[in-house]
Amino acid sequence: MTVDLDWENLGFEYHKLPYRYLSYYKDGKWDEGKLTEDATLHISESSPALHYGQQAFEGLKAYRTKDGSVQLFRPDQNAARLQRTADRLLMPQVPTDKFIDACKQVVKANEDYVPPYGTGATLYLRPLLIGVGDVIGVHPADEYIFTVFAMPVGNYFKGGLQPTNFLIQDDYDRAAPHGTGAAKVGGNYAASLMPGDIAHNTGFSDVIYLDPATHTKIEEVGSANFFGISKDDEFVTPLSPSILPSITKYSLLYLAEHNLGLKPVQGDVFIDDLDRFKEAGACGTAAVISPIGGVQHGDNFHVFYSETEVGPITRKLYDLLTGIQFGDVEGPEGWIYKVD
Ligand SMILES: *Cc1c(COP(=O)(O)O)cnc(C)c1O
């Protein structure tokens, strides 16, 4: 029985659900892991996650389909990315099977909170890997916690797909050229809070970050990846070692080529050459596909398709991607994991 929540008006907010998964790494190995009703972590005050940012996270969603079943979208890709992030921060990997099993257990245990089909709402899963224990020197931890918790979140676009405007930031970077930009770690987000605040306070949805080495190319859109549709029908996304590799972005690169006949291109997106695009958007699990209306860079304001209307290719990509995620459209093999 699904609980009674105002599904249509959910935002992106923490909601304490009955169960979360917790596993502990000690003496070089992970324990079995189990569901718990305790939503509070009890960790050493000297945990490296707290002092030196030795932590990583993931984000994925469970979708309710028309027939009432529940499914995950490419959780193996989230597992693989968490493993790459773990390598970068000298943390132990969470094996793919353990990761997917943890996600499924959390969805099943909280199934009453998976939003009904047709509301656009989903169950957002937040896997978290943190270094804990009594370590005060700058060393990797000996012990780790892997937890997965969940909460229902609303449709990102309540009134339908809507373009918004973004601020291109020259004064702040979210990542360094050879830093941790490609790792999904809290440290990158700590660096982004102030520029994000500046963008919000000046009427923009979020920041567009430039490549940290030269500040001439678009890299990231807040916590989403950038894509543009060029006038000669290419689906273009920036290629850089400091971008967080978005699973949504790789999925769109595939769908743009195989379903819409666009040419997939990963390459430079110079800020002085935005006229080559007829549409642009931001993509990620939370944002899905957010059309970009205009971008402000210094005194220059550039509009892609329109500040009020969604471009036709952006809309097609959105319908296709969400169709696959909610089970209405058959996706490529291996993208959907049923939670039974
Ligand atoms: C998580 C994240 C994204 C989106 O990745 P998805 O796998 O598509 O959800 C994009 N940029 C940043 C900085 C992120 O942390």
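Per an unreviewed UniProt entry, the recorded name for the chain is Branched-chain-amino-acid aminotransferase, and the organism is Streptococcus criceti HS-6. Taken from UniProt, the Sequence similarities (unreviewed entry) comment for the chain reads in full: "Belongs to the class-IV pyridoxal-phosphate-dependent aminotransferase family." Per UniProt, the chain carries the Cofactor (unreviewed entry) text "pyridoxal 5'-phosphate".

Draft legend 1. Geometry of the site of the ligand. As a matter of local geometry, the ligand sits amid 14 residues, with Lys-184, Tyr-189, Ser-246, Thr-248 and Thr-285 nearest to it. Here a nitrogen atom of the ligand and a backbone polar atom of Ser-223 are 3.5 Å apart. In the complex, the protein chains occlude 96% of the 380 Å² of accessible area that the ligand would expose alone. Of all elements in the fold, only β12 (224-230) and α5 (247-258) reach the threshold of two or more residues within the shell around the ligand. Looking at the shell around the ligand residue by residue, the class counts come to 4 nonpolar, 6 polar and 4 charged.

Draft legend 2. View of the domain arrangement of the chain. The domain boundaries assigned to the chain delineate domain 1 (20-153) and domain 2 (164-326). Taken together, the contact between domain 1 and domain 2 spans 26 residues of the former and 22 residues of the latter. Contact between domain 1 and domain 2 buries roughly 1,800 Å² in total, counting both sides, with carbon and sulfur atoms accounting for 61%. If you sort the residues of domain 1 by the area they bury against domain 2, Phe-57, Phe-73 and Arg-81 come out on top, with a joint share of 33%. Counting across the interface, domain 1 meets domain 2 through 0 salt bridges. The interface formed by domain 1 and domain 2 holds 10 residue pairs in polar contact (both at pLDDT 80 or more) in total. No other element matches the 6 residues that helix α2 (residues 75-88) contributes to the side of domain 1 that touches domain 2. Considering only residue class, the side of domain 1 that touches domain 2 consists of 9 nonpolar, 9 polar and 8 charged.

Draft legend 3. How the structure looks around the side chain of Ser-230. Topologically, Ser-230 is positioned in strand β12. Exposure remark for Ser-230: the relative accessible area of 1% places this residue in the buried category. Among the polar contacts listed, one links the side chain of Ser-230 to the side chain of Asp-232, at a separation of 2.8 Å. Not counting the four nearest positions on each side in its chain, Ser-230 is found in contact with Val-236, Arg-276, Phe-277 and Lys-278.

Draft legend 4. Highlighting the pairing of strand β17 (residues 300-303). With 4 bridges connecting them, strand β16 (residues 288-297) and β17 associate as antiparallel partners. In the strand pairing of β17, His-297 is matched with Asn-300. Once β16 ends, the chain turns through 2 residues before running back antiparallel as β17, passing Gly-298 with a positive phi of about 60°.

Draft legend 5. Representation of helix α6 (residues 312-325) within the structure. Taking 1.5 Å as the rise per residue, α6 with 14 residues should run 20 Å; its terminal C-alpha atoms sit 20 Å apart, in good agreement. Backbone geometry just downstream of α6 places Gly-327 in the positive-phi region, at approximately 80°.

Draft legend 6. Layout of unusual backbone geometry. Residue Asp-27 is not a glycine yet carries a positive backbone phi of 50°. Residue placement: Asp-27 occurs in the loop between β1 (20-26) and β2 (29-30). Its relative accessible area of 68% is what places Asp-27 among the exposed residues. Of note, Val-288 is a non-glycine position whose phi angle comes to about 55°, a positive value. One can find Val-288 in strand β16. Relative accessible area serves as the criterion here: at 12%, Val-288 is assigned to the buried category.

What counts and how
- Residues numbered from 1 in each chain as written.
- Predicted model: local features only at pLDDT ≥ 70, side-chain atom pairs only at ≥ 80, totals over all residues.
- Heavy atoms only, no water.
- UniProt positions renumbered as here; feature names shortened; annotations may be inferred.
- Near = heavy atom within 4 Å.
- Polar contact = N/O pair within 3.5 Å; in protein donor to acceptor, adjacent residues only side chain to side chain.
- Areas by Shrake-Rupley, 256 points an atom, 1.4 Å probe, with all protein chains shown as cover.
- Helix = DSSP H or I, 4+ residues; strand = E, 2+ residues; numbered from the N terminus.
- Nonpolar A, V, L, I, M, F, W, Y, C, P; charged D, E, K, R; others polar.
- Domains from an automatic or database assignment.
- Contact = heavy atoms within 4.5 Å.
- Buried area = accessible area lost by both parts, 1.4 Å probe.
- Salt bridge = Lys/Arg side-chain N within 4 Å of Asp/Glu carboxyl O.
- Buried < 20%, exposed > 50% of the residue type's maximum accessible area, 1.4 Å probe, protein only.
- Pairing = 2+ DSSP bridges.
- Expected span 1.5 Å × (residues − 1).

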